[in-house]
Amino acid sequence: MSSSSASSRKALSKIASNRLQKELVEWQVNPPSGFKHKVTDNLQRWVIEVNGAPGTLYANEIYQLQVDFPEHYPMEAPQVIFLNPAPIHPHIYSNGHICLDILYDSWSPAMTVSSICISILSMLSSATAKQCPEDNDRYVKNCRNGRSPKQTRWWFHDDKV
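A quick note: this is a predicted structure, and the numbers were derived from the prediction, not measured.

Asker: How should I be thinking about the packing of aromatic side chains in this particular structure?
Answerer: Any aromatic ring pair is given by two values, namely how distant the centres are and how the planes are angled relative to each other. Using the criterion set out here, one finds seven aromatic pairs in the structure. Residues Trp-27 and Trp-46 carry aromatic rings whose centres are separated by 6.2 Å and whose planes lie at 90° to one another, so their mutual orientation is edge-to-face. Placement of Trp-27 in helix α2 (residues 14-29) and of Trp-46 in strand β2 (residues 45-51) is noted, with a sequence separation of 19 residues between them. The class for Trp-46 is buried, based on a relative accessible area of 1%. Look at Phe-69 and Tyr-73: their rings are 4.9 Å apart centre to centre, the planes differ by 70°, and that puts the pair in the edge-to-face class. Both residues of the pair, Phe-69 and Tyr-73, count as buried. Here a set of aromatic residues connected by ring pairs shows up, and it is made of Trp-27, Trp-46, Phe-69, Tyr-73 and Trp-107.

Asker: What am I meant to see in the sheet that holds strand β3 (residues 62-68) here?
Answerer: Think of a sheet as strands paired side by side through backbone hydrogen bonds, with each pair either parallel or antiparallel. Pairing is antiparallel in the open sheet, where four strands are placed in the order β1-β2-β3-β4. At either margin of the open sheet sits one strand with a lone partner, and together these are β1 (35-38) and β4 (79-82). Pairs of neighbouring strands in the sheet enclose a mean axial angle of 25°, with direction left out of account. Relative to β4, β3 runs antiparallel, the two sharing four bridges. Pairing of Leu-65 across the sheet is with Phe-82, part of β4. Each of β1 and β2 is contacted by α2, which is oriented at about 30° to β2, the strand it contacts most. Strands β1, β2, β3 and β4 of the sheet are contacted by helix α3 (residues 113-125), whose axis makes an angle of about 35° with β2.

Reading the values: rules and limits
- Starting from 1, residues in each chain are numbered consecutively following that chain's sequence as written.
- Where totals are concerned, whole chains, interfaces and linings use all residues; where local detail is concerned, this predicted model gives features only for residues with pLDDT of at least 70, and gives and counts side-chain atom pairs only at 80 or more.
- The side-chain numbers reported here are obtained from all heavy atoms of the structure, hydrogens and water having been left aside.
- Stacked, tilted and edge-to-face are the three classes applied to pairs of Phe, Tyr and Trp rings, where Trp contributes its six-membered ring and a pair requires centres within 6.5 Å; stacked means planes under 30 degrees apart, edge-to-face means over 60, and tilted covers the rest.
- Helix numbers and strand numbers start at the N terminus; a helix is a DSSP run of H or I with at least 4 residues, a strand a run of E with at least 2.
- Per-residue accessibility, obtained with a 1.4 Å probe over protein chains only, is compared with the maximum for each type, and a residue is labelled buried under 20%, exposed over 50%, and partly exposed between these values.
- Think of it this way: DSSP has to see at least two bridges between two strands before they count as a pair.
- Geometry is summarised by axes, namely lines fitted to C-alpha atoms with helices restricted to the contacting stretch, and by angles between N-to-C directions that run from 0 to 180 degrees.
- Contacts are residue-level and defined by heavy atoms, with any inter-residue pair within 4.5 Å sufficient.

Printed below as a string of structure tokens:
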């Protein structure tokens, strides 16, 4: 999300704010293994450090996720992207957009930031080769001007990686 669109976001609803405060407290008490929340004063945008799991292609590599929460979270999924540099992975585009069904069509209000992070780490850990998505260049070119990954019609066809 570009900084101009970030500043034009609607404020969190009371329900979203309460839910995120609860998740943040839970994160501080019991953070998911391999993740570190970078503390800021912005409840609506979290930056999370991701450490590649030992024994995987991404072991000892560190990436950053940016999680932007919509006004009606958790009824609406957050926007989750990797900040540059994004990991080279068949389901992660070089602009940081992530092709993962739980971030879009399969989102459930029962999911949390921790469950999203665990799913992303699982996706990274199951990769057998570091390669970009086949349509990376075309997709990234079409996403110029700050298009959100939530505006993409994703085709979830490969659950092997």
